[in-house]
Amino acid sequence: MSISLADLLAAPQLHLTNLGAAQGTLNTPIQWAAVTELENPQPFLSGGELVLTTGLNSVTAAAQRSFVRQVQRAGAVGIGFGIGLGHDQVPPALIAEANRWGVPVVEVPYRTPFIAIGKLVADSRSADHYAKLERLLTQHQILAQSLLSGGGLNALLAKLAGMIRTDAVLTQFNSELFSTCPGTAVDDENWLPVVLATGKRDASTLWLRKPFEDGAIIDYAKGLIGVELNNVVQRRHAARQLAGQVIADIIRGSLEGPEAAARLQSVGINPGIKNMLLLVQSPPGRACTLGAMALPQLLEPAVAAVLGDGDKQELLIVCPAGIGSPAALGRALGRQVADVGVTAAVGIGGAYAQANGLRWSYFEAKEAASRGLAVNEPERLSLTSLLLASEDVPMADMAAEALAPLLAFDAAHAAELVTTLESYLQLNGSVASVAEALTLHRNTVRYRLTQIAELTGYDPAVTADRVQLWLALAVRRLARA
């Protein structure tokens, strides 16, 4: 520990005497012993020094008082006045001014050289510096060991908080990844934000509650946390890719029964309970962002998966049905998606057990996401989703066969038969409503409906045919989503 003026007074070999009445800085650590005979030493002091002088240039009371004021303004911890050269005793004017400004004054006898005082201060500073380095190296080892021993990021942050005796919170965007005081709001006034350089634009910040003890370890910890966050992202991405492969096989119907159940278990999904699926479709260029982002705390028990490749990817969150209401989970995911800078709707599927249930939930979530709201809950068990989920029903082929003549006609004649059909089905077969919605004459709508019937072989006015066309449009919409 650094030496103080009180420590120097207690050193018998120095024979120092405290003459002043000031006590405020007697126990303040001395940063250095500065020897000076200048009338104004202030420009050459940085604060925390013990100023040693013989007063050779301070022969008048005015000069002595001025000297004290300059020393006090520089933030020195005290004055050591050497007698026996310029003065036989410490000048009374200097002591009085020092008492007025709260600056301790120590008499240094002629037999005590200033270098003896300087050596003690320097030795204590050196010992203090060595102790700090030793402590810092020990802290480095403890933090690295906490990370490497399997405790991960949470163990590292808990150790860091204990070392500097404060609370620590790690956030990413608006999500709290770790906290020694869960639920506590952080702000710039009472907390120190330490921005973490992870090499990714993930807005990771370590917050430390003020005040805290020796912060020399923080820079080292910051580097470790940044490296581990990058490792977490890599592990998260790999796990989501693996889970996505399993779910993709189940959706395609190439994985079923006991094998499907075993594969789901291997990626952390329990097929024996009801699971619901949340789905977010990646906008162009944002697949990597969605695939690597952290999940909000509400979704910690869930398993995330990435489906697809390139820019056309989907983030799937498989949630055990009991962890919360679908709406609350969807809103939490939606906020997180928005926080990472992605604009995309959240679709929610129903809660079902077994691999087939996961397939149904996927198509329900995909259909829900196409409705356009920020968070879209499943309304009812969707006939389209059930048919799409069944590998035994070639819905995509049926939809393509039904709509191909209309799509070809529209492309060749710049017509709008598909748009007219969609509007007709959405408006419950009302010709008047379609005419108003599309700004057409009613006879034009009727003529287009006749063309649709002739080209497809399905008459939109007939209930059975209308169902076929509605399913074909629904399948086309989901395939394009």
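Whatever comes next refers back to the structure up there.
Residues numbered from 1 in each chain as written. Predicted model: local features only at pLDDT ≥ 70, side-chain atom pairs only at ≥ 80, totals over all residues. Heavy atoms only, no water.

**Student:** Run through the overall build of the protein, naming residues and quoting values.
**Tutor:** Counting secondary structure elements, the protein contains 15 helices and 14 strands. Taking 23 Å as the expected radius of gyration for a compact globule of 481 residues, we find that the protein reaches 38 Å, considerably beyond that expectation. Seen through its C-alpha atoms, the protein measures out along the principal axes to roughly 125 × 55 × 35 Å. A total of 481 residues make up the protein; the buried ones form 46% of that total. Restricting the contact set of the protein to residue pairs at least 6 apart, pairs at least 24 apart contribute 65%. A gap of 2 Å separates the mean positions of the 37 positive and 43 negative side-chain charges of the protein. (Helix = DSSP H or I, 4+ residues; strand = E, 2+ residues; numbered from the N terminus. Rg over C-alpha atoms; globule rule 2.2 N^0.38 Å. Buried < 20%, exposed > 50% of the residue type's maximum accessible area, 1.4 Å probe, protein only. Contact = heavy atoms within 4.5 Å. Lys, Arg positive; Asp, Glu negative; His and termini not counted. Charge placed at Lys NZ, Arg CZ, Asp CG, Glu CD.)

**Student:** Explain helix 3 (residues 92-101) residue by residue, including any values.
**Tutor:** Of the positions making up helix 3, those classed as buried are A93, L94, I95, E97 and A98. Where the residues of helix 3 are buried, they touch helix 2 (61-73), strand 4 (78-82) and strand 5 (105-108). Count one or two residues on from helix 3 and you reach G102, which has phi positive near 75 degrees.

**Student:** Can you lay out the packing of aromatic side chains for me, pointing to particular residues and giving the numbers?
**Tutor:** Under the criterion given, the structure shown has two aromatic pairs. Ring geometry for Y352 against W360: centres 5.9 Å apart, planes inclined by 85 degrees, an arrangement best described as edge-to-face. Residue W360 is classed as partly exposed on the basis of its relative accessible area of 31%. For the ring pair Y362 and F363, a centre distance of 5.1 Å and an interplane angle of 75 degrees mean the geometry is edge-to-face. (Phe/Tyr/Trp six-rings, centres within 6.5 Å; stacked < 30°, edge-to-face > 60°.)

**Student:** Residues and numbers for helix 13 (residues 431-438), please.
**Tutor:** Residues V431, V434 and A435 constitute the buried set of helix 13. The buried residues of helix 13 occupy one face: seen down the axis, they fall within an arc of 100 degrees. Within helix 13, the exposed residues directed more than 90 degrees away from the buried face are E436 and A437. Of the surrounding secondary structure, the elements contacted by the buried residues of helix 13 are helix 12 (417-426) and helix 14 (442-456). (Arc of directions from axis to C-beta.)

**Student:** Account for the pattern of salt bridges, naming residues and giving values.
**Tutor:** Taken as a whole and judged by the stated rule, the model has nine salt bridges. The partner of R69 in a salt bridge is E97, with the nearest N and O atoms 3.1 Å apart. Of this pair, R69 sits in helix 2 while E97 sits in helix 3; the two residues are 28 residues apart in sequence, bridging distant segments of the chain. R69 sits in the partly exposed class, given a relative accessible area of 24%. (Salt bridge = Lys/Arg side-chain N within 4 Å of Asp/Glu carboxyl O.)

**Student:** Describe the pairing of strand 5, listing the residues and the values that go with them.
**Tutor:** Consecutive side chains along a regular strand alternate between the two faces of the sheet. Across the two faces of strand 5 the burial is the same, with V105 and E107 and V106 and V108 all buried. Alignment of strand 1 (residues 17-18) against strand 5, held across two bridges, turns out to be antiparallel. Bridging from a neighbouring strand, T17 pairs with E107 of strand 5. The pairing of strand 4 with strand 5 spans four bridges and is classified as parallel. Each residue of the ladder has a partner; that of G82, found in strand 5, is V108. The β-α-β motif built from strand 4, the intervening helix 3 and the parallel element strand 5 has right-handed crossover chirality. (Pairing = 2+ DSSP bridges. Right-handed = clockwise from strand over helix to strand, strands pointing away.)

**Student:** Which residues make up the sheet that holds strand 7 (residues 175-179), and what are the values?
**Tutor:** With antiparallel pairing, the four strands of this open sheet are ordered in space as 7-6-9-8. Edge positions in the sheet fall to strand 7 and strand 8 (191-195), since each of these pairs with one other strand and no more. If you compare each strand with its neighbour and ignore which way they point, the axes differ by 25 degrees on average. Sitting on the sheet, helix 5 (residues 218-252) is in contact with strand 6 (168-172), strand 7, strand 8 and strand 9 (204-209), with an inclination near 40 degrees to strand 6. (Axes fitted to C-alpha atoms, helices over the stretch in contact; angles between N-to-C directions.)

**Student:** Break down the packing of helix 12 against helix 13 for me, with residues and values.
**Tutor:** Look at helix 12 against helix 13: their axes get within 9 Å of each other, and the N-to-C directions meet at 125 degrees. Looking at the two axes, helix 12 sits oblique to helix 13. In the crossing of helix 12 with helix 13, the sense of the turn from one axis to the other is right-handed. Across the interface between the two elements, T419, T420, S423 and Y424 of helix 12 pack against V431, V434, A437 and L438 of helix 13. Grouping the constituent residues of the contact of helix 12 with helix 13 by class yields five nonpolar, three polar and no charged. (Parallel < 35°, antiparallel > 145°, perpendicular 65-115°, else oblique. Left-handed = near helix turned anticlockwise from the far one by under 90°. Nonpolar A, V, L, I, M, F, W, Y, C, P; charged D, E, K, R; others polar.)

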